[in-house]
Amino acid sequence: MTKEEFKQRFTRRLAEKYAMEVKDASANELYQTLGSIMTAAYAEKWQQTWQDYRNQKQKQVYYFSIEFLPGRMLKSNLLNMGWLDTVEEGLAELGIKLEELVKMEPDMALGNGGLGRLASCFMDSIASTALPGNGNGIRYEYGLFKQRFIDGYQVELPDEWLNKGNLWEVRKESKAVNIRFGGNVYLKEDETGELEPVYEGGDIVRAVPYDTGMVGYENDTVNTMRLWSAEIPAEEEDKYRNIDDRRKIENLTSVLYPDDSNEAGRKLRLSQEYFFVSAGIQSIIRHYQKLNEPFEKINQFVGIHINDTHPAMCVAEFMRILVDEEKMPWEKAWDVTVKVMSYTNHTIMAEALEKWPTWMLKDVCPRILQIIEEIDRRFVQEMTGVHPFDLIERTRIIQGDQVHMANLSIIGSHSTNGVAKLHSDLLKAVVLHDFYILYPDRFNNKTNGIAERRWGQLANRQMTKVVDQAIGTSWHKNPEDMRWLMNYQTDQQVLDGLADAKHQNKVRLAEYIEATTGVVVSPAAIFDVQIKRLHAYKRQLLNLMHILKLYFDLKENPALDIHPRVFIFGAKAAPSYHYAKSVIKVINETANMINRDPAINDKLKIVFLENYNVSLAEIIIPAADVSEQISLASKEASGTSNMKLMLNGAVTIATLDGANIEIRDAVGDDNIAIFGLTEEEVYRYYDEQNYVASDVYNSDPVLKKVVDAFVDGSIPNIYSEGQEIYDSLLKYNDEFFVLRDFKAYCIAQHAIDTAYKDRQRWKKISLINTANAGRFSADYTVKKYADDIWQIEPVFAHVTERGAQHGTYLL
Ligand SMILES: *Cc1c(COP(=O)(O)O)cnc(C)c1O
């Protein structure tokens, strides 16, 4: 499509859709017009991709995730369609700024943080590497809450993202399925003597899919992300005369639980899990039936991935359909189920390992409970005499009256992976060690990755221009080619070009900061960034304590020679997570205190930006100089903001946790600031139970002064919040070793300051970080999943000649 063709198409479409000319149209009307041209343009490829998979009976994988966090799709789709420059220039000639249309799109925020964002990065990379893979999830009517600060406190507002419609989704009425909830179920012999479930009572909910095309990068592949919405079935309308009863059904897909670690919302949450699991599995089975292949072979055509334990009931639902509906003998059904399923573990935090009371499963999905009980019974039977009794008791699925979802996921699948080397090692050695004894071959590592086109090419077009000029554009398709940048470590033009790009991005962020918070910051300062969910283990508190130390140092010695720094935070706290909200309040009040203190002379600023989400991340990350990855070693399974920030040339200050270790290995010790306890040291403290936080506090007067500031009135406007933090550190013995790591962190921060002052050295370190980020592309991650776990291959049949010339095939 040429620019002229686009302009014609655009003005014609605007006239057809709104009977308008450009000059009369609102930004939203222009956005809708552009979007409708795009969806029309890829629709044929979407259909073609699907037909090819079907005609070739291609094995497809279905990625089940209770969260997806795609952010905005407009620019990403334009880029992947190969239209970005043409459209941007064409619009400009019509007097329209593309960026103004971009802002019309609400963030699709159907996830909390890293877990959902990973699922969306995978969707992009799966399509971009021409792999036959699709997403399966929930179309929440309200996305993750909108965060506002009032008096420094987090306030949650509803995210009504569907208000103006969603132009990327297609409602597929004809693909709806019914889900059965509640009631009673018992087994009865049918006329042939086989057992058959008989259902009494309960409710039927209609699951209607909304499909969104996942457009691959210049390769003619369009996969599907299928999100389900709950409705009242037409045949049951009479039953739901009462408004409250109707709401009960519709509420099923109304809110995303704003917490990715605790079992919030309990029964409704469990119902959501069964809802999207059953809908997804039923639609997979219905499709499979059209292939005319026996169910014994379904694993050759279908892979189902369980992203964290929320979709763990996939195992039981798949068994239910094979055994109850397809009348397969249990053993055969089990054999094939295990081959179809695979599972990713995302956390070692004990409180995040999902468990459900058996009574609740009985209430929500009684047949599923029966099947889980049978799986559990057979598991115990199979292992008895082979393994010690206590080992079996610890690994079985039902323990007391609790159903352990991770146990179900591991026992019911052929692969369990962690998300970074350290995390996968810890699973084998500690957290899932018992299972590792039972199934050593099932365990593997797949280090997370990121959609580098979104986080690099799109979010940082200034940097991209410089990189393209230096090393060409092959890294757009083969991200590891970014390593050719290593040849430019002493090339002044490239170093200055990258530094200039960073400066422009900082100017843009500074403008955003002033516009949204009123705080004026200088782009000449170090932009030090910590952006992630607010959690005690991520230790935003440690960052705050170092800031307080700098503040006290400056108060004592205003001439202190530190490079001016702006500390930038972005984080939502789960609404029920009291402690995390206290940390937000104290950061905000510390910000007020420091930002307004004339004695600080702009050497220190704190900015806590509201409503951290993908679109805000896309503004912050390209402008970051320093990336804060300071979780307690062993607690952050992988992290992905560490990868996004590295790609954008930020220098990491980090503990040896999650993927930070692999980032250190990629850039070398000289190009990252590592500090703090190692995982071994943390576990030694656990084993010996000899950490005494108050000893650390009492032996370090600098630390003591900082900790006391939470309770001695130094920080104005905080009340019980300061006491709560103080108590977490001293009364409750500092669960995340903040006090223990404080000194090492301050030393590492000092090293950052020193390095930044040497501008030439910093530019080189920054370049080395970008140059080595390619290996963290999710393109490679999904390729490894495809080869090692899913056994799926790229499909090229639908690829046109143009696609073949441009394709990202990574073979
Ligand atoms: C990448 C990303 C995350 C994950 O950040 P971590 O620091 O790895 O926890 C969370 N939220 C958003 C919006 C992201 O883009």
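It should be emphasised that the depicted structure is a prediction, and the values quoted were computed from it without experimental measurement.

## Overview of the overall build of the chain
- Along its length, the chain carries 32 helices and 25 strands.
- In terms of its C-alpha atoms, the chain occupies a principal-axis envelope of roughly 90 × 70 × 55 Å.
- Going through the 811 residues of the chain one by one, you find that 63% of them count as buried.
- Considering only intrachain contacts with a sequence separation of at least 6, the fraction spanning at least 24 residues in the chain is 77%.
- Accessible surface computed for the chain: about 30600 Å², of which carbon and sulfur atoms make up 48%.
- Side chains of the chain carry 93 positive and 117 negative charges; the gap between the two charge centres is 3 Å.

## Some thoughts on the site of the ligand
- Neighbouring residues of the ligand: 14 residues in total, closest Lys532, Lys538, Thr640, Ser641 and Lys644.
- Take Thr640: an N or O atom from its main chain is 2.7 Å from an oxygen atom of the ligand.
- Take Ser641: an N or O atom from its side chain is 2.5 Å from an oxygen atom of the ligand.
- Counting residues per element, the ones that place at least two in the shell around the ligand are helix H6 (114-128) and helix H23 (641-647).
- Each residue belonging to the shell around the ligand can be placed in one class, and the counts come to 4 nonpolar, 6 polar and 4 charged.
- For the shell around the ligand, the two domains that each supply at least three residues are domain 1 (56-71 + 107-448 + 784-804) and domain 2 (452-767).

## Some points on the domain arrangement of the chain
- Domains assigned within the chain are domain 1 (56-71 + 107-448 + 784-804) and domain 2 (452-767).
- When each unit is reduced to the centre of its C-alpha atoms, the spacing between domain 1 and domain 2 is 35 Å.
- Listed per partner, the contact involves 40 residues of domain 1 and 46 residues of domain 2.
- Roughly 3500 Å² of surface becomes buried between domain 1 and domain 2 when both sides are summed, with 55% attributable to carbon and sulfur atoms.
- Among the residues of domain 1 in contact with domain 2, Phe149, Tyr217 and Leu422 are the three that bury the most area, contributing 17% of the side total.
- The interface formed by domain 1 and domain 2 holds 4 salt bridges in total.
- Arg453 is the salt-bridge partner of Asp124, the closest N and O atoms lying 3.5 Å from each other.
- Here domain 1 and domain 2 share 19 residue pairs in polar contact (both at pLDDT 80 or more) between them.
- For the side of domain 1 that touches domain 2, a count of residues per class yields 17 nonpolar, 12 polar and 11 charged.

## Brief notes about the sheet that holds strand E24 (residues 651-654)
- Sheet architecture is open: 6 strands sit in the order E22-E21-E20-E23-E24-E25, paired in parallel fashion. In this open sheet, the two strands that pair with only one neighbour each are strand E22 (604-609) and strand E25 (673-674).
- Note: strand E21 (residues 565-570) against E22, 6 bridges, orientation parallel. Counted as the bridge partner of Phe567 is Ile606 from E22.
- Lying on the sheet, helix H21 (residues 578-595) is in contact with E21 and E22; it crosses E22 at an angle near 140°.

## Side note on the sheet that holds strand E15 (residues 355-357)
- Strand order across the open sheet formed by 3 strands is E15-E17-E16, with antiparallel pairing between neighbours. Looking at the sheet topology across the chains shown, the edges are occupied by E15 and strand E16 (398-399).
- Pairing analysis gives 3 bridges linking E15 to strand E17 (residues 402-404), with the strands arranged antiparallel. Within E17, the residue paired with Pro357 across the bridge is Gln402.

## Details of the nonpolar core
- Membership of the largest hydrophobic core comes to 201 residues, with the highest contact counts inside it found for Leu34, Leu74, Phe275, Ile281, Ile304, Leu361 and Ile568.
- Among the elements that line this core, the one with the most residues is helix H8 (residues 266-290), at 10 residues.
- Split by domain, the residues of this core number at least three in each of domain 1 (56-71 + 107-448 + 784-804) and domain 2 (452-767).
- Residues Ile526, Leu550, Ala673 and Ala755 belong to the second largest nonpolar core, which totals 76 residues.

## Things to note about empty space enclosed by the protein
- Evaluation of the coordinates by the stated rule reveals 4 cavities of 30 Å³ or more.
- Taken together, 14 residues form the lining of the largest cavity, with Met73, Ser76, Asp124, Met214 and Arg454 sitting closest to its centre.
- At the level of secondary structure, the elements contributing two or more residues to the lining of the largest cavity comprise helix H3 (74-81), H6 and strand E11 (203-215).
- It is H6 that provides the largest number of residues to the lining of the largest cavity, a total of 4 residues.
- Looking at the lining of the largest cavity, its residues break down into 6 nonpolar, 5 polar and 3 charged.
- By volume, the second largest cavity is sized at about 60 Å³.
- Lining of the second largest cavity is provided by Tyr53, Arg54, Lys57, Gln58, Gln60, Tyr62, His287, Tyr288, Leu291, Phe301 and Val302.
- Only helix H2 (27-55), strand E1 (60-64) and H8 provide two or more residues apiece to the lining of the second largest cavity.

## Focus: the pattern of salt bridges
- The final tally for this structure, using the stated rule, is 58 salt bridges.
- Ionic pairing is found between Glu317 and Arg320, a salt bridge with its closest N-O pair at 2.8 Å. Within this pair, Glu317 and its partner Arg320 are both found in helix H9 (residues 314-325), separated by 3 residues, close to a single helical turn.
- For the salt bridge of Lys605 with Asp602, the shortest nitrogen-to-oxygen distance reads 3.0 Å.
- Among the charged side chains, a salt-bridge network with shared partners connects Lys3, Glu4, Lys7 and Glu93.

Scoring rules and cut-offs
By convention here, each chain's residues receive numbers from 1 onward along its written sequence. The model is predicted, so local features are restricted to residues of pLDDT at least 70 and side-chain atom pairs to those at 80 or more, both for listing and for counting; the totals for chains, interfaces and linings are taken over all residues. Hydrogens and waters are ignored; side-chain quantities use all the structure's heavy atoms. We count a stretch as a helix when DSSP gives it H or I for four or more residues in a row; a strand needs E for two or more, and each element gets its number in order from the N terminus. Classification of residues uses two cut-offs on accessible area relative to the type maximum, computed with a 1.4 Å probe and protein chains only: under 20% is buried, over 50% is exposed, and between them is partly exposed. Residue contacts follow a heavy-atom distance rule, with two residues in contact if any of their heavy atoms lie within 4.5 Å. All accessible areas in this document rest on Shrake-Rupley with a 1.4 Å probe, and a residue is counted as covered only by the protein chains that are shown. Counted as positive: Lys and Arg. Counted as negative: Asp and Glu, with His and the chain ends omitted from the count. Charged side chains are reduced to one point each, which is NZ for Lys, CZ for Arg, CG for Asp and CD for Glu. Whether a residue is near a molecule or strand is decided by its heavy atoms; if any one of them lies within 4 Å of it, the residue is near. Counted as a polar contact is a pair of N or O atoms within 3.5 Å, where, for protein atoms, one must be capable of donating a hydrogen and the other of accepting one, and residues adjacent in sequence contribute only when both atoms are in side chains. Throughout, the ten residues Ala, Val, Leu, Ile, Met, Phe, Trp, Tyr, Cys and Pro are labelled nonpolar, Asp, Glu, Lys and Arg are labelled charged, and all others, Gly among them, are labelled polar. In this entry, domain limits derive from an automatic or database-based domain assignment. Put simply, buried area is the surface a 1.4 Å probe can reach on two separate parts but cannot reach once they are joined, added for both. Just to be clear on terms, a salt bridge is a Lys or Arg side-chain nitrogen sitting within 4 Å of an Asp or Glu carboxyl oxygen. Any two strands with at least two DSSP bridges between them are considered paired. Comment: axis = line fitted to C-alpha atoms, over the contacting stretch for helices; angle = value between 0 and 180 degrees taken between N-to-C directions. Only buried residues count toward a nonpolar core, which is a set of Ala, Val, Leu, Ile, Met, Phe, Trp, Tyr and Cys residues joined through side-chain atoms within 4.5 Å. Cavity: a set of points on a 1 Å grid over the protein atoms alone where a 1.4 Å probe fits but cannot get out. Pocket: an open set with protein on both sides within 12 Å along at least five of seven lines, its lining residues, like those of a cavity, having an atom within 4 Å of a point. Grid points are joined across faces, edges and corners, and a volume is the space filled by probe spheres set on the points.

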